[in-house]
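Coordinate inspection notes
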Amino acid sequence: MIQRTPYADALTYTIMAAGFLVLLGPFIVVLAGASQTMPQVNAVPFSFVPQGEFLANVSAAWTRANLGTAMTNSLIMAALVTAGKVALSACTAFAIVFFRTPLKHVFFWSVFITLMLPLEVRVVPTYAVAADLFQPVKFFLGLSGIDIAIEWNLLNSYAGLTLPLIATATGTFLYRQFFMTLPDELAEAARMDGSGPVRFFFDMLLPLSRTNMLALTTIMFVYGWNQYLWPILMTTDPSYKTVMVSLRALLPSDNGIPDWNVTLAGSLIIMAPPVLVVAVLQRWFVRGLVSTEK
C-alpha cells in the first residue's frame, strides 16, 4: 500500500530545489563574470547580470592560454584514457567472470583493492617508471650484477599522458557486476553454437553491456579531462600541455591586472566539453548505474 504524503513530498522537492540552486550558483557566477569588463567583475557587490563582453573575454583567454593546442591535447588524452579504460576493464571483467580458475577471486580483489591507491599516492613510482621504462629491468638485473644503459622514457608524449592512467578498478567492478547477472545458459548456448571466447565476448557480451559501457565512458572522459597532477609532471614541452595546466596562465599574477573576467571566460571554455559529454550521455549514464534491466 502506497500512502500519499504531500508534506514530505513538498519538503523533498524543496530540498532538491535548494540543492540545485547551490550547484547552479558557481556556474551563474562564471557565466556572468565571463561577460563583464574588468571593473564590473571586480565591483562589490558582484552583479549576476550578464553583460556584452563575452566574446572579447573568450578571445583574450583563448589567445593568452593557447587554448587551441591545450584543448586538442586534452581531447586526445581524455579520448585515449576513456577508450583504454573501457576496453581494459571489459577484458579484465570478462576473464574474471567467465574463465574458470580457482584464483579468479584473488585476481578480482587484487584489482579492486587498488581503489585505495589513487594516482596521488603512487605518483612517485609511476613517474619513475614512465621516465625510464627499463628501470624495473635494471633493478632486477642489477641484483645479478648486470648493468645495462638502455633508456626509454614517455615524457612529453601522448603515451606518457595516457598509458599510466588506463587501468581502472571502477570499470572492472562495473563490468563484473553486470556480467554476473547474465545467466550461465548464455555462455553454454554460445559454446553449443561453436562460438569461442573471443566471438562470445564481441558478439554477445559487448552489445549487451552497451549501457554500462556508455556510463563508464561518461565517468572516464570527465576523469581524463580533469587530470592536472599527472599532465603537469609528464609535460615540459608547451605543445603537450593540457587545459588544466594551461588554466594557470589565465590566473592574474600577485601584482598584475585583476582581469578575472578573462579567467572566468577561459574556465567556461574549459568546462564546456565535459559538460557537453555528460549532457549527451546522461540518460545512458543514469541507466547504466541504476537500471535493473539487463
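Computed from a predicted structure; not experimentally measured.

**Let's talk about the nonpolar core**
L67, M71, W225, V243 and I270 are the most contacted members of the largest nonpolar core, which totals 21 residues. Counting only elements with at least two residues in this core, the list comes to α3 (54-64), α4 (67-98), α12 (210-225), α14 (243-246) and α15 (260-290). Take this core: its biggest share by element is 6 residues, from α15. Beyond its immediate sequence surroundings of up to four residues, W225 is in contact with M71, S74, L75, A78, V243, M244, I270, P273 and P274. If you look at the next biggest cluster of nonpolar residues, it comprises 18 residues, including V86, A93, L186 and A187.

**Overview of a nonpolar patch on the surface**
Taken together, F27, L31, F54 and L55 make up a surface patch of nonpolar side chains, about 370 Å² in accessible area. Along the chain, L55 turns up in helix α3.

**Side note on the pattern of salt bridges**
Should the charged atoms of two oppositely charged side chains come close, the side chains can pair. Taken as a whole and assessed by the stated rule, the structure comprises 2 salt bridges. Note that R64 and D259 form a salt bridge whose closest N and O atoms lie 2.3 Å from each other. With R64 in helix α3 and D259 in the loop between α14 and α15, this residue pair connects regions lying 195 residues apart in the sequence. With a relative accessible area of 13%, D259 lands in the buried category. With a closest N to O distance of 3.3 Å, D203 and R199 form a salt bridge. With D203 and R199 both in helix α11 (residues 197-208) and 4 residues apart, the pair spans about one turn of that helix. Using a relative accessible area of 51% as the deciding quantity, one classes R199 as exposed.

**Here's the deal with the packing of aromatic side chains**
What the rule picks out here adds up to 16 aromatic pairs. Where F94 meets F201, the ring centres are 5.0 Å apart and the plane angle is 40 degrees; that geometry is what we call tilted. A residue pair is termed long-range when its members are at least 10 positions apart, and F94 in helix α4 and F201 in helix α11 qualify at 107 residues. Neither residue differs from the other here; F94 and F201 are each classed as buried. Taken together, a centroid distance of 5.3 Å and an interplanar angle of 45 degrees make the contact between F112 and F173 tilted. Note that F112 is positioned in helix α5 (residues 104-112) and F173 in helix α9 (residues 169-179), a separation of 61 residues in sequence. Three or more aromatic residues link up through ring pairs in this structure, and these residues are F94, F98, F99, Y175, F178, F179, F200, F201 and F202. The aromatic ring of F108 is capped on one face by R176, whose charged end is 3.9 Å from the ring centroid.

**Thoughts on unusual backbone geometry**
For the bond running from V44 to P45, omega is 5 degrees, close enough to zero to count as cis. Along the chain, P45 turns up in the loop between α2 (38-41) and α3. Its identity is not glycine, yet N66 carries a phi of approximately 50 degrees, on the positive side. In this structure, N66 sits in the loop between α3 and α4. On the accessibility criterion, N66 (43% relative accessible area) is partly exposed. Positive phi, close to 55 degrees, is recorded for N156, a residue that is not glycine. N156 sits in the partly exposed class, given a relative accessible area of 22%.

**Description of the UniProt feature "transmembrane region" (unreviewed entry) in the protein chain**
Residues annotated in UniProt with the feature "transmembrane region" (unreviewed entry) correspond here to residues 12-34, 75-99, 106-130, 158-179, 200-225 and 260-281. Annotated as 96% helix and 0% strand, the span residues 75-99 places its first and last C-alpha atoms 35 Å apart.

**Some details on the packing of α5 against α9**
The N-to-C vectors of α5 and α9 enclose an angle of 135 degrees; their axes lie 8 Å apart at closest approach. Taken together, the axes of α5 and α9 lie oblique to each other. Taken together, the residues of α9 that come into contact with α5 (itself represented by F108, V111 and F112) are A169, T172, F173 and R176. Residue classes in the contact of α5 with α9 are distributed as 5 nonpolar, 1 polar and 1 charged.

**A short note on the packing of α9 against α12**
Taken N-terminus to C-terminus, the directions of α9 and α12 make an angle of 165 degrees; their axes are 11 Å apart at the nearest point. Judged by the angle between their axes, α9 and α12 are roughly antiparallel. Considering the relative orientation of α9 and α12, their crossing is right-handed. On α12, the residues touching T170, G171, L174, Y175 and F178 of α9 are N212, M213, L216 and M220. When grouped by side-chain class, the residues that make up the contact of α9 with α12 number 6 nonpolar, 3 polar and no charged.

Rules behind the numbers
- Positions within a chain are numbered from 1, following the residues in the order the chain's sequence is written.
- Restriction of local features to residues with pLDDT of at least 70 applies here, the model being predicted, together with a cutoff of 80 or more for giving and counting side-chain atom pairs; totals for whole chains, interfaces and linings are based on all residues.
- In computing side-chain values, all of the structure's heavy atoms are included and hydrogens and water are not.
- The definition of a nonpolar core used throughout is a set of buried Ala, Val, Leu, Ile, Met, Phe, Trp, Tyr and Cys residues joined through side-chain atoms within 4.5 Å.
- Whether a residue is buried, partly exposed or exposed follows from its accessible area with a 1.4 Å probe, protein chains only, as a fraction of its type maximum: under 20%, in between, or over 50%, in that order.
- Only DSSP runs of H or I reaching four residues or more are called helices, and only runs of E reaching two or more are called strands; each is numbered from the N terminus.
- Contact criterion: two residues are considered in contact whenever any of their non-hydrogen atoms come within 4.5 Å of each other.
- For patches, a residue must show more than 30% relative accessible area and have no salt bridge; joins then use 9 Å for like charges and 5 Å for nonpolar side chains, namely Val, Leu, Ile, Met, Phe, Trp and Tyr.
- Areas reported as accessible are Shrake-Rupley estimates using a 1.4 Å probe. Residue values count occlusion only from the protein chains shown.
- The salt bridge criterion pairs a side-chain nitrogen of Lys or Arg with a carboxyl oxygen of Asp or Glu, the two atoms within 4 Å.
- Two rings from Phe, Tyr or Trp (for Trp, the six-membered ring) form a pair when their centres are within 6.5 Å of each other. A pair whose planes differ by under 30 degrees is stacked, one over 60 is edge-to-face, and the rest are tilted.
- Whether a charge sits over a ring depends on NZ of Lys or CZ of Arg being within 6 Å of the ring centre and within 35 degrees of the ring normal.
- UniProt positions are given in the numbering used here, feature names are shortened, and annotations may be inferred rather than shown by experiment.
- Orientation is described by axes fitted as lines to C-alpha atoms, over the contacting stretch for helices, and by angles from 0 to 180 degrees between their N-to-C directions.
- Small angles under 35 degrees read as roughly parallel and large ones over 145 as roughly antiparallel, with 65 to 115 read as roughly perpendicular and the rest as oblique.
- Three residue categories are used. Nonpolar comprises Ala, Val, Leu, Ile, Met, Phe, Trp, Tyr, Cys and Pro, charged comprises Asp, Glu, Lys and Arg, and polar comprises the others, including Gly.
- Left-handed describes a crossing whose near helix is turned anticlockwise from the far helix by less than a right angle; the clockwise case is right-handed.

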